[in-house]
Amino acid sequence: MAIQWFPGHMNLTRKAIEARVKDIDVFIELLDARLPGSSANPMLAELTAGRPTVKVLNKQDLADPERTDIWLAHYNAQPGTQAFALSANPGVGEKKPVQRLRDSCFELAPLRGGMVKPMRVLIGGVPNVGKSTLINSLVGRKTAKTGDEAGVTRHEQRFVLADDFYLYDTPGMLWPRINVERSGFNLAVSGAVGKNAYDEPEVALEFLHYVAKPYAALLKARYKLAQTVDEVASLTDEQLLEAIAGKVQAVGKGGHVDWQKAAERVITDLRTGALGRITLELPDEFAEWQALAVEADEARDARKAARKPPKKRTGKRDRRGRQTDDGDNAAGPAD
Ligand SMILES: Nc1nc2c(ncn2[C@@H]2O[C@H](COP(=O)(O)OP(=O)(O)OP(=O)(O)O)[C@@H](O)[C@H]2O)c(=O)[nH]1
Ligand SMILES: [Mg+2]
């Protein structure tokens with residue numbers, strides 16, 4: 001089942017951003033460095049089209065550094081886009097990259113600054129990606145509410161970084177139909193989707209399906225699995241979750257596997273970084289998933305169109321009372 005989560009407050013956020021965007025000088029799009037493709041919200045891109053944009057790959061401390069470089073090269077190659085990676089969480093990252101973000105805003109909007117033309121920056125992104133944390137780091141104190149769950153910020157809020165520099169924090173937003181199925185799973189496992197909108201075992205299995213090959217060594221190390229790295233890489237998703245369950249006290253006396261408990265453990269270990277630095281997608285892979293999703297959508301639309309009932313007769317009659325519909329009977333009897 002594809003994962004979808006677009007509660008009412010996200011629709012309100014969409015409207016609030018739409019109204020605000022004309023008064024904005026720079027848009028900072030916060031992406032999750034572990035899923036830099038899937039966490040890019042197409043609806044936000046549409047709403048902020050034409051605005052100078054900085055793409056920030058946040059939570060870089062949790063992401064695979066080699067893959068982060070690949071994603072940065074990918075985004076920096078796009079015209080009019082500046083991208084860099086950082087950790088908004090001051091406990092984890094360095095302060096410097098956060099300060100650099102300020103400079104980037106002035107580079108992108110050089111005519112702003114001073115009391116008359118203050119710099120106005122909107123920070124947006126999917127839920128739980130670290131928007132409010134970044135605001136706190138930029139302002140230098142804990143002023144915006146943050147929390148380790150999706151949907152902490154509920155309303156747009158303005159923060160004053162300096163007399164001539166305003167920041168707008170926005171609630172995390174997804175989009176009404178996530179058509180790339182793997183994006184839904186990656187968003188869910190990262191913590192961007194509300195808890196009730198997905199099934200933990202399904203999300204954990206999909207996660208293991210992806211990471212088993214590139215990150216088998218991390219899985220083996222974290223769960224002290226008996227199998228060799230190669231064996232771990234070739235287990236099925238269920239076998240792998242079962243092997244993990246055996247190591248995290250998620251197997252009952254009769255050998256009954258507690259899939260929910262094992263899944264929750266795997267998900268938490270990814271979110272906290274206990275599993276190691278993992279990135280769930282590469283630019284080429286993501287492009288492929290998108291292309292497949294477009295194909296699937298087209299096939300779906302074609303099936304829908306084919307199911308449409310045949311055109312009804314219009315029931316119009318000419319002056320002599322004969323049927324004039326343009327369907328099968330259009331020829332009608334000759335005089
Ligand atoms: N490891 C790590 N954790 C981070 C980083 N940035 C934010 N976090 C954590 O991510 C969680 C979410 O942070 P928030 O700032 O509340 O996220 P948000 O984007 O404002 O979330 P919503 O308001 O729900 O949309 C918190 O537990 C933060 O401590 C980071 O760079 N690294
Ligand atoms: Mg927030």
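Since the model is a prediction, treat every value here as computed from it, not as a measurement.

### Side note on the overall build of the protein
Per the secondary structure count, the protein includes twelve helices and six strands. Taking 2.2 N^0.38 as the reference for a compact globule, 335 residues should give roughly 20 Å; the C-alpha atoms of the protein span a radius of gyration of 25 Å, well beyond that estimate. Expressed as a percentage of its 335 residues, the buried residues of the protein come to 37%. Residue pairs at least 24 apart in sequence account for 66% of intrachain contacts in the protein once pairs closer than 6 positions are excluded.

### Details of the site of ligand 1
Every one of the 26 residues lining ligand 1 counts as a neighbour, but G130, T133, T146, T153 and G172 are closest to it. A class-by-class count of the residues in the shell around ligand 1 yields eight nonpolar, 14 polar and four charged.

### Comments concerning the sheet that holds strand β1 (residues 26-32)
Read across the sheet, six strands follow the order β3-β2-β1-β4-β6-β5 without closing on themselves; strand pairing throughout is mixed. Two strands in the sheet have a free side with no partner beyond their single neighbour: β3 (81-85) and β5 (157-162). The average undirected angle you get between the axes of adjacent strands in this sheet is 25°. Both β1 and strand β4 (residues 119-125) contribute to a ladder of five bridges, which runs parallel.

### Some thoughts on unusual backbone geometry
Its identity is not glycine, yet N128 carries a phi of approximately 70°, on the positive side. Looking at the element boundaries, N128 is found in the loop between β4 and α5 (131-139). The class for N128 is buried, based on 27 C-beta atoms found within 10 Å.

### Comments concerning the environment of D164
Structurally, the position occupied by D164 is in the loop between β5 and β6 (165-169). For D164, a count of 15 C-beta atoms within 10 Å corresponds to the partly exposed category. It is 18 Å that separates the C-alpha atoms of D164 and P52, two residues lying 112 residues apart in sequence. With sequence-adjacent residues up to four places away left out, D164 is seen in contact with G113, G114, M115, P118 and M119.

### Looking at the environment of A243
Within the secondary structure layout, A243 lies in helix α10 (residues 237-247). A residue is classified by how many C-beta atoms lie within 10 Å of it, and A243, with 20 of them, is buried. Residues A243 and N58 lie 185 residues apart in sequence; the distance between their C-alpha atoms is 32 Å. Contact partners of A243, with chain neighbours within four places excluded, come to L225, Q227 and L235.

### What to know about helix α4 (residues 96-108)
With 13 residues, α4 extends 19 Å from end C-alpha to end C-alpha; this agrees with the ideal 18 Å at 1.5 Å per step. Taken residue by residue, α4 has V98, L101, C105 and L108 as its buried positions. The buried residues of α4 occupy an angular sector of 75° when the element is viewed end-on, so they sit on one face. In α4, the exposed positions angled more than 90 degrees off the buried face are occupied by K96, Q99, R100, D103 and E107. Tucked into the core, α4 has its buried residues touching β1, β2 (53-58), β3, β4 and α5.

### Structural notes on the packing of helix α7 (residues 200-211) against α10
At a closest axis distance of 9 Å, the pairing of α7 and α10 adopts a crossing angle of 105°. The angle between α7 and α10 places the two elements in the roughly perpendicular class. Of α10, the residues touching α7 (which contributes A204, L205, L208 and H209) are D237, E238, L240 and L241. Grouping the amino acids of the contact of α7 with α10 by side-chain chemistry returns five nonpolar, one polar and two charged.

### With respect to the pairing of β6
Of all five residues in β6, four are buried; the element is thus mostly enclosed. With five bridges connecting them, β4 and β6 associate as parallel partners. Opposite I123, over in β6, you have D169 as the bridge partner. Direction of pairing for β5 relative to β6: antiparallel, over a ladder of five bridges. Pairing of Q157 across the sheet is with D169, part of β6. Between the antiparallel neighbours β5 and β6 lie two residues.

### Topic: the domain arrangement of the protein
Where interface size is given, it is often the accessible area lost as the parts come together that is meant. Here the protein is described as being made up of domain 1 (8-169) and domain 2 (181-272). Between the C-alpha centres of domain 1 and domain 2 there is a distance of 31 Å. With eleven residues of domain 1 at the contact, the number on the domain 2 side is eight residues.

### Quick look at α7
For α7, with twelve residues, the first-to-last C-alpha span of 16 Å sits near the 16 Å given by 1.5 Å per residue. Taken residue by residue, α7 has P201, V203, A204, E206, F207, L208 and V211 as its buried positions. Lining the buried residues of α7 we find α6 (181-190), α8 (216-223), α10 and α11 (259-272).

Calculation rules
- Residues numbered from 1 in each chain as written.
- Chains lettered and ligands numbered in written order.
- Predicted model: local features only at pLDDT ≥ 70, side-chain atom pairs only at ≥ 80, totals over all residues.
- Helix = DSSP H or I, 4+ residues; strand = E, 2+ residues; numbered from the N terminus.
- Rg over C-alpha atoms; globule rule 2.2 N^0.38 Å.
- Buried ≥ 20, exposed ≤ 12 C-beta atoms within 10 Å, placed from the backbone.
- Contact = placed C-beta atoms within 7 Å.
- Near = placed C-beta within 6 Å.
- Nonpolar A, V, L, I, M, F, W, Y, C, P; charged D, E, K, R; others polar.
- Pairing = 2+ DSSP bridges.
- Axes fitted to C-alpha atoms, helices over the stretch in contact; angles between N-to-C directions.
- Expected span 1.5 Å × (residues − 1).
- Arc of directions from axis to C-beta.
- Parallel < 35°, antiparallel > 145°, perpendicular 65-115°, else oblique.
- Domains from an automatic or database assignment.

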